[in-house]
Amino acid sequence: MSQTETIRIGHSPDSDDAFMFYALAKETIPTDGIQVVHVIEDIESLNQRALNAELEVTAVSIHAYAYIADKYALMPCGSSMGDRYGPILVANQPFPVSELKGKKIAIPGRMTTAYLTCSLFESDFEAIEVPFDQIIDFVKGGQADAGLIIHEGQLTYEESGMHKIVDLGEWWYQETGLPLPLGGNVIRRDLGVEKMQKVTRLVRQSIQHSLDNRAEALDYAMIYARDMETKTADQFVGMYVNEYTIDYGDSGREGVRELLKRGYESGIISQPVDIEFVEI
């Protein structure tokens, strides 16, 4: 490797991702000749960029990995895992899940894991793509029958007067006994095994540094907390930056395999997915 090499890391402007990459953003850990450039965009934009293999490292929806597995390997660290919680279907008024069939549902993007999981739960609905932070207003305005809520909306939807129809992470656990892998970090295969391992170790060190220095990392993450109170942001970060984020573990890896297998078997994903994790 040359003395200094630039690696672009794509991640979302969310408090959990900001928390995870705090050490790299603030350069509080040695990078051993790697200059990290942060590319901050919403997850659906990053999914689209990953289709073109634009960035060396990027956060993606696990659903999106099905379409980029030939170009990227999954890092064993950096996952957002829902352990008995996940995307939530909400509506203006409560109604039984049996009435979801045929409904208009606002979704945050067709390559999101939220959309894949919702489609596994109920295959017959009309999906309307809406930016994730506009879904609640879209449903409140009567433009959809229900909305698929991700990110901090999972904690704040009740404040907006919304009613939970189903938590898809809880449903997934009841179905499989596994956590629901929502997002992960991927690294481009053309970097070669040695460099992939080196960069992956660096990302894991950043995550561990944040967990070991939680107060400082949370202060930094609050910049991206979209008006959340510190207590709510801390709860949100705790949901998605934890022991699964350091390493998927056996159950997390099985969750990825099971989700993408079911996606393929249901016809949502067009081909079986060759899942590869970087080994470090």
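Here the structure is shown first, and the text comes after it.
Residues numbered from 1 in each chain as written. Predicted model: local features only at pLDDT ≥ 70, side-chain atom pairs only at ≥ 80, totals over all residues. Heavy atoms only, no water.

Student: What exactly am I supposed to notice about helix H9 (residues 193-212) here?
Tutor: Each α-helix turn comprises 3.6 residues. Residues three or four places apart therefore point the same way. Across its 20 residues, H9 extends 28 Å between first and last C-alpha, which sits within 8% of the 28 Å expected from 1.5 Å per residue. All of the buried residues in H9 are Lys 195, Met 196, Val 199, Thr 200, Leu 202, Val 203, Ser 206, Ile 207, His 209 and Ser 210. (Helix = DSSP H or I, 4+ residues; strand = E, 2+ residues; numbered from the N terminus. Expected span 1.5 Å × (residues − 1). Buried < 20%, exposed > 50% of the residue type's maximum accessible area, 1.4 Å probe, protein only.)

Student: What am I meant to see in the packing of helix H8 (residues 168-176) against helix H13 (residues 249-265) here?
Tutor: Each pair of packed helices gets described by two things: the angle between the helix axes and the distance between those axes. Here H8 crosses H13 at 95°, and the two axes come no closer than 12 Å. Here H8 is positioned roughly perpendicular relative to H13, judged by the angle of their axes. The residues of H13 that touch H8, namely those facing Trp 172, Glu 175 and Thr 176, are Gly 255, Glu 258, Leu 259 and Arg 262. (Axes fitted to C-alpha atoms, helices over the stretch in contact; angles between N-to-C directions. Parallel < 35°, antiparallel > 145°, perpendicular 65-115°, else oblique. Contact = heavy atoms within 4.5 Å.)

Student: Quick question: what am I supposed to make of the pairing of strand S9 (residues 146-149) here?
Tutor: Across a regular strand the side chains alternate sides, sitting on one face of the sheet and then on the other. Side chains Ala 146 and Leu 148 project from S9 onto one buried face, and the interleaved Gly 147 and Ile 149 project onto a second face that is buried too. Where strand S6 (residues 88-91) and S9 come together, three bridges link them in antiparallel fashion. Bridging from a neighbouring strand, Val 90 pairs with Gly 147 of S9. (Pairing = 2+ DSSP bridges.)

Student: Even after reading the chapter, I still don't get the environment of Ile 150, so can you show me in this structure?
Tutor: Secondary-structure assignment places Ile 150 in the loop between S9 and helix H7 (153-156). When its relative accessible area of 14% is taken as the criterion, Ile 150 is described as buried. Sequence separation of Ile 150 and Arg 257 is 107 residues, and the distance between their C-alpha atoms is 22 Å. In contact with Ile 150, other than residues within four places in its own chain, are Pro 87, Pro 108, Ala 114 and Phe 132.

Student: Could you clarify how one ought to interpret the pattern of salt bridges in this entry?
Tutor: Between side chains of opposite charge, a pair can form when the charged atoms approach closely. Under the defined criterion, the tally for this structure stands at 20 salt bridges. Between Glu 5 and Lys 195 there is a salt bridge, with its nearest N and O atoms 3.2 Å apart. In this pair, Glu 5 sits in strand S1 (residues 5-11) while Lys 195 sits in helix H9, placing the two residues 190 residues apart along the sequence. Arg 84 is paired through a salt bridge with Glu 170; the nearest N and O atoms lie 3.8 Å apart. Taken together, the residues span a long stretch of sequence, with Arg 84 in the loop between strand S5 (80-82) and S6 and Glu 170 in helix H8 at a distance of 86 residues. Classification of Arg 84 as partly exposed rests on a relative accessible area of 40%. Several salt bridges share partner residues, and in doing so they unite Glu 175, Glu 258, Lys 261, Arg 262 and Glu 265 into one network. (Salt bridge = Lys/Arg side-chain N within 4 Å of Asp/Glu carboxyl O.)

Student: Explanation requested: the packing of aromatic side chains in the structure shown.
Tutor: Aromatic rings considered in pairs are described by the distance between their centres and by the relative angle of their planes. Enumeration according to the criterion identifies seven aromatic pairs in this entry. Measuring from ring centre to ring centre gives 5.8 Å for Tyr 85 and Tyr 240, while their planes differ by 75°; the resulting arrangement is edge-to-face. One end of the pair, Tyr 85, is in the loop between S5 and S6; the other, Tyr 240, is in helix H11 (residues 230-240), and 155 residues separate them in sequence. Judged by its relative accessible area of 22%, Tyr 85 is partly exposed. In this structure an aromatic cluster arises from ring pairing among Tyr 85, Phe 236 and Tyr 240. Sitting over the ring of Phe 95, Lys 103 keeps its end group 5.2 Å from the ring centre. Note that Arg 253 overlies the ring of Phe 277, its terminal NZ or CZ placed 4.7 Å from the centroid. (Phe/Tyr/Trp six-rings, centres within 6.5 Å; stacked < 30°, edge-to-face > 60°. Lys NZ or Arg CZ within 6 Å of the ring centre and 35° of its normal.)

Student: Explain the sheet that holds S9 to me, please; I cannot follow it from the model alone.
Tutor: Remark on secondary structure: sheet strands pair via backbone hydrogen bonds, oriented parallel or antiparallel. With mixed pairing, five strands are arranged side by side in an open sheet as S8-S7-S9-S6-S10. The open sheet has two edge strands with one neighbour each: strand S8 (126-129) and strand S10 (163-167). On average, each strand axis in the sheet is tilted by 30° relative to the strand beside it, whichever way the strands run. Sheet topology note: the S6/S10 ladder contains four bridges and is antiparallel. Bridge pairing links Val 90 to Lys 164 in S10.

By themselves, these are just geometric observations and shouldn't be taken as functional.
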